[in-house]
Amino acid sequence: MNEHEPDPENGKQYLAKYGVTHDNVTSLNLFLDDRQIGAEGALELARGLCENWSLTNVELRRSEVTWQGAVPLAQALVSNKTLLHLGLGRNQLTSSGGCHIAEALKLNQTLQSVDLEWNDLRDEAGLAIANMLKVNNSLLVLSLERNKLQRDACTALGAALAVNTKLRALNLGWNRAKAVGAISIADGLRKNKNLRYLNLAMNQIGVEGTFSIANALVENGTLESLTLQHNRMGDSIIMLGAAMRVNNTIRELNLESTQLNTEGVQLFATALQSNTSLEALNLSRNDLRNEAASALSAALRGKTHLRYIDLSSTNLTGAEPAAGVAELLESCPNLQTVLLEDNDLGIAGGHALAAKLQNSTPITCLNVSNCGLEPVGVKAIADALRRSAHLYLRSLQIAGNDAGYEAVVTLCRALQGVSSLVSLDLSGNNISDTAKEALCMVLVANPQLNYIFLNNSSLESLRSHALFQDEAHPYLNRTHGLSWSPPSLLKKGGDSPRTSSTPSPHIPSSNFASTNVSVGTIDKLPTAPERAFEPSAVSMVQPIRGTHIYNAGNTLPSAKGKKTSLTEAEANEEKAAREEGAAAPVTIKNVPRGIRQAKEVRLSGKELQLPVITHASLVTPPVAEPCARYWSATKASRLFPKPSAYQLKHFETNISEVLLTDDQLRTEFNRLDRNGNGYLEEDEFKPVFQSFDNYGVTSTEGEIRSVIRKHNRRGDGKITFDEYCIIMLGLARR
């Protein structure tokens, strides 16, 4: 066998129980399998990763890894040379586990995406991660959301941004950066030329912090997505508008629930008239009122780059704001998503919206839930959808409008002419069993629509408050007989199934729960420009809203009774964070927004006792190989070619002449281990360390002992093979 050929077992002896039974398996997602492997499982997984050369994506969210499991995983990261994404969200890693991962990432030169959200890392691990970012040359995406990072850690992360040349996306949402941390991050943005996505949601940055971020945008020319939701911005939106006047790289701006006022938004809208890049704008849950909405509509009218606008819960009333938004539908040829939920538009607003809807460019997502449309307004929108070319509508949310039987049936008939729906919410519309046939026909006509959400309806025998796809055909067969076939799937005047010239829309897969929902791309519309709008294509970056088209592919939980809410501890933490620094949401109706997409984890209630984890407990690792935008866990292998496990030649041509290949290191280690006990004691390690050039100065015994203490985690003065590899890599970098 060639000396550079990888282990033919590929770690399958350890990974087979997790489904890795073939060499062509590149993704391992234990979160979707609802498996809590614990620290012992993490140790076994780490052993497999040391030998594996095919996996590029490992997702361990909510697997109860804990800090004890983080230790062997960190050791495996030093050895593994093919992994691109590692998801460790919600694993109770604490500061200790976070520090181990950070130290490993200093040496790992292949990982491109790491999710560490909700792990109680705190400032100790935050500082270690900041130091790691100064030397890491591969990481593109990093999520540190909900880790109780204070201003010290956030200040250090801002300083790291100033020198890091690789990171493309940073999620610091729901921490406590405050104004001091935001100012440091702003300073980093002025110097950073690579960061594309930044999430500072719920960080209590205040007016001063927002002002600093806005000021930095004047100089920064690379940032594309900025999330500032749940921070008290106040009048600093005026400075943000001034920055947007000259900044032409920001594509997505999320200002949800930031305590904006009418006057400030009007000035912001005036500044947007000069902007040529903004594609997605979220101003939901702010007290904008009709005046600000009208100013925004006038400023954005005719913008060919506008793809997404969210004005949910902004205290809009009547036909005037609806008519303004409707004008955008007509004048913005690429507008795909319009969200107006929780605004008292009334019947007049429904008519104003419908009047423009049938003449507008086909949109993919419309949310008019809880807008007081009543039967007349819902019928008007249904008639507009039926008469228009909205054959590619993918998400329609029209809940809480008291539509009644006739309006719902009229809407269902219109939707039978659509075949691309993936999300439909008709909750709170006084629907009874008499409308079930029409609802089933919509499901059959839209095979990608997994369910119709029908909360607060009087339909009998609903599972999880929804009518599911697997119920539609049996019900219609019972009603119409086994020979029934859906008329909506037939062409007019013909008997052949309707076909479309466009490919089937891509349904994004559910990935990180709650704040880290996997975000998919929107397929190109027939009338859209060459490149359709992609919202934050980073899995860890929060989608701008939870009910729009970009996560409409998430399916409801199975009907086996699994809970879908946050755990009690997580809910209490979120509530406390909101009370401490969040802006109060402005809502007209307190209507639930649907089912949360987070899985419930059942904790065992007892702490797992593990033996001491040592480097020797792991199998012999291969040596890390550096590799040359990882945007989501599901797209890693597609965006980045997998580095070849056979290309190791450049490791042998290093100017320090330090042994770096696996075979070289193992051979030399065995030669030095004279008594064959698997360790290098001080007298065995001392000659090899002194043999390397130290700028002409001979290393003293004290310095050698210091090196041993630094790398010997067991504290017994014995160097394992893994520790020996780390020391050699450090010498190679010298």
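Look up: the structure comes first, before these words.
In this report, the structure presented in the accompanying data block is examined. The numbers attached to residues start from 1 for each chain and follow its sequence in the written order. Since the coordinates come from a predicted model, pLDDT governs what is reported: local features require at least 70, and pairs of side-chain atoms require 80 or more to be given and counted, while whole-chain, interface and lining totals use all residues. Side-chain measures were taken over the full set of non-hydrogen atoms in the model, leaving aside hydrogen atoms and water.

Quick word on helix α11 (residues 289-300)
Note the cut-off: Put simply, DSSP marks the helices as runs of H or I at least four residues long and the strands as runs of E at least two long, and each gets a number from the N terminus on. Here the expected span of a helix is defined as 1.5 Å times the quantity of residues minus one. For every residue, the accessible area (1.4 Å probe, protein chains only) is compared with the maximum for its type, and the residue is labelled buried under 20%, exposed over 50%, or partly exposed between those bounds. The contact criterion used is simple: two residues touch if any of their non-hydrogen atoms lie within 4.5 Å.
Its twelve residues give α11 an end-to-end C-alpha distance of 17 Å, which sits within 8% of 16 Å, the value for a rise of 1.5 Å per residue. Among the residues making up α11, those that are buried are N290, A292, A293, L296, S297, A299 and L300. Against the buried residues of α11 lie α10 (262-272), β10 (280-282), β11 (308-310) and α12 (319-331). Note on α11: the residue one or two positions beyond its end, G302, has a positive phi of about 85°.

A few points about the packing of aromatic side chains
Threshold: Two aromatic rings from Phe, Tyr or Trp, using only the six-membered ring of Trp, form a pair when their centres are within 6.5 Å; if the ring planes differ by under 30 degrees the pair is stacked, by over 60 it is edge-to-face, and anything between is tilted. Two limits define a charge over a ring: the Lys NZ or Arg CZ must be within 6 Å of the ring centre, and within 35 degrees of the ring normal.
In this structure the tally under the stated criterion is one aromatic pair. An angle of 45° between the planes, with centres 6.1 Å apart, marks the rings of Y451 and F468 as tilted. Taken together, the residues span a long stretch of sequence, with Y451 in strand β16 (residues 451-453) and F468 in strand β17 (residues 466-468) at a distance of 17 residues. Y451 sits in the buried class, given a relative accessible area of 12%. When the ring centre of W174 is taken as reference, the NZ or CZ atom of R146 above it lies at 4.0 Å. A cation over a ring is seen here: K718 above Y679, with NZ or CZ 5.7 Å from the ring centre.

So, the state of the cysteines
The term disulfide refers to a covalent linkage connecting the sulfur atoms of a pair of cysteines. Basically, it comes down to this: Disulfides are defined as pairs of cysteine sulfur atoms found within 2.5 Å of each other.
One pass over the structure, following the stated rule, counts zero disulfides. Left unpaired, C412 is separated from the closest cysteine sulfur, that of C440, by 9.5 Å. Owing to a relative accessible area of 1%, C412 belongs among the buried residues under this scheme.

Observations regarding the environment of A182
Note on placement: A182 falls in helix α7 (residues 178-191). On a C-alpha basis, the gap between A182 and L200 in space is 8.4 Å, while along the polypeptide they are 18 residues apart.

Examining the packing of helix α21 (residues 682-690) against helix α22 (residues 701-711)
Defined as follows: Helix axes are fitted to C-alpha atoms over the stretch in contact, other axes to C-alpha atoms as well, and angles between N-to-C directions run from 0 to 180 degrees. Oblique is the label for every angle not falling under 35 degrees (roughly parallel), over 145 degrees (roughly antiparallel), or within 65 to 115 degrees (roughly perpendicular). For this classification, the nonpolar set comprises Ala, Val, Leu, Ile, Met, Phe, Trp, Tyr, Cys and Pro, the charged set comprises Asp, Glu, Lys and Arg, and every other residue, Gly included, is treated as polar.
The geometry of α21 relative to α22 is characterised by a closest axis approach of 10 Å and an angle of 110° between their N-to-C directions. For the element pair α21 / α22, the angle class is roughly perpendicular. Counting all contacts with α21, which are made through E682, F685, K686, F689 and Q690, the residues of α22 involved are E701, I704, R705, V707 and I708. Looking at the contact of α21 with α22 residue by residue, the class counts come to five nonpolar, one polar and four charged.

A look at the nonpolar core
Using the following cut-off: What we call a nonpolar core is a set of buried Ala, Val, Leu, Ile, Met, Phe, Trp, Tyr and Cys residues that are connected through their side-chain atoms within 4.5 Å.
Counting residues in hydrophobic clusters, the biggest one holds 155 residues, and the most contacted among them are L45, L255, L426 and L439. Element by element, the count of residues in this core is highest for helix α16 (residues 436-445), at seven residues. Setting aside residues up to four positions removed in sequence, L45 forms contacts with L15, Y18, L28, I37, V58, L60 and L73. Judged by nonpolar contacts, the second largest core, of 16 residues, contains L665, F669, F685 and C725.

Side note on the pattern of salt bridges
Heads up, the condition is: For this document, the term salt bridge refers to a Lys or Arg side-chain nitrogen within 4 Å of an Asp or Glu carboxyl oxygen.
A full pass over the atoms with the stated rule returns 22 salt bridges. E224 is the salt-bridge partner of R251, the closest N and O atoms lying 3.4 Å from each other. Of this pair, R251 sits in the loop between α9 (236-246) and β9 (252-254) while E224 sits in the loop between α8 (206-219) and β8 (225-227), and the two are 27 residues apart along the sequence. A relative accessible area of 12% places R251 in the buried class. Overall, E224 belongs to the buried group, its relative accessible area being 19%. A salt bridge links R285 to E256; its shortest N-O distance comes to 3.3 Å. Of this pair, R285 sits in the loop between β10 and α11 while E256 sits in the loop between β9 and α10, placing them 29 residues apart in sequence. Per residue, the accessibility class of R285 equals that of E256, and both read buried.

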